[in-house]
Amino acid sequence: MAIVLSESEIEIDDPVLAHNPILLNGDRIHYFRKARVLGLWINNMMTWTDQVRQILQRVYGGLRSLWSCGPFLPLDKRLMLVKTLILPHFTYCDSVMCDMDASSRHSLQVAMNACVRFAFKLKRRDHISTQEVAVLGCSYPNFRKYKMCLVLRSVLICKQPGYLAELLKFTRSARNPSRIVPCAVRSVLKDSFFVQAITLWNSLSLDLKRNMSSESFPDECLGFFCH
């Protein structure tokens, strides 16, 4: 069983832990089923289901508050409301949530579809692919990949955090600035941010990787995932 260090709520009433508490420097380490750390919900199963549930609650709650005035607003105003009030719930720390289960990914996609339909006044069964690109710059799954590449680029440029930067090794090819993908035997490691982000980085075009310090990199990278 995992132990989460947090001052959050929902502590487990476990008789075994009550009689045999785990101590660190004399202080008891409390055990929680889930805890909120830096704005992210992490549970004792090490899944993102609680975080996804919170995102969905906030997204649908925000949409409900906008429905009353939405029909009377022009397209540009509805897009602005979605991008400023709703999208931040999707994008906060989304890069580290790359190992979500299929059900969580599907739920987030459905919520994103609802946002696009609100912005463009689309009906339930209308296709939204083109409009989704207008909101995000690419499809939602590719947008999350794009964000992962931006995080890895920041690590490569700033060399921070150090524990990640020191693990980013070049391949032997001097002409191709790709990185060595860490060996991951277990599926839980294969789905981790570090492995997936490096794999995505290596899939970028050679020109993009060589010009990662350029100010135009974010736009060019988004264009790469749009096609």
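As the structure is a computational prediction, the values presented were derived from the model and not from experiment. (Residues numbered from 1 in each chain as written. Predicted model: local features only at pLDDT ≥ 70, side-chain atom pairs only at ≥ 80, totals over all residues. Heavy atoms only, no water.)

**Quick look at a nonpolar patch on the surface**
Then comes step 1: Judged by side-chain polarity, Val37, Leu38 and Tyr92 come together as a nonpolar surface patch covering roughly 310 Å² of accessible area.
Then comes step 2: Within the secondary structure, Leu38 is located in the loop between β3 (34-37) and β4 (40-43).
Then comes step 3: Under the relative-accessibility criterion, Leu38 is labelled exposed at 73%. (Patch = residues over 30% accessible without salt bridge, like charges linked within 9 Å, V, L, I, M, F, W, Y side chains within 5 Å. Areas by Shrake-Rupley, 256 points an atom, 1.4 Å probe, with all protein chains shown as cover. Salt bridge = Lys/Arg side-chain N within 4 Å of Asp/Glu carboxyl O. Helix = DSSP H or I, 4+ residues; strand = E, 2+ residues; numbered from the N terminus. Buried < 20%, exposed > 50% of the residue type's maximum accessible area, 1.4 Å probe, protein only.)

**Remarks on helix α5 (residues 129-136)**
Then comes step 1: Three or more residues of α5 are buried, namely Glu132, Val135 and Leu136. Projected down its long axis, α5 shows its buried positions confined to an angular sector of 80°, all on one face.
Then comes step 2: Residues of α5 that are buried make contact with α3 (75-91), α4 (102-120), α6 (140-158) and α11 (217-226).
Then comes step 3: Two residues or fewer past α5, Gly137 is found with a positive phi of approximately 100°. (Arc of directions from axis to C-beta. Contact = heavy atoms within 4.5 Å.)

**Observations concerning the pattern of salt bridges**
Then comes step 1: Applying the stated rule across the entire model yields 4 salt bridges.
Then comes step 2: Here Lys147 and Asp94 are joined by a salt bridge, their closest N and O atoms 3.0 Å apart. You can see Lys147 sitting in helix α6 and its partner Asp94 sitting in the loop between α3 and α4, a full 53 residues away along the chain.
Then comes step 3: For Lys147, a relative accessible area of 17% translates into the label buried.
Then comes step 4: A relative accessible area of 4% means that Asp94 is categorised as buried.

**Section: the pairing of β4**
Then comes step 1: Bridge count between β3 and β4: 4 bridges; the pairing is antiparallel. Of the residues in β4, the one forming a bridge with Lys34 is Asn43.
Then comes step 2: Counting the residues in the hairpin turn of β3 and β4 gives 2 residues, including Leu38, whose phi is positive at 55°. (Pairing = 2+ DSSP bridges.)

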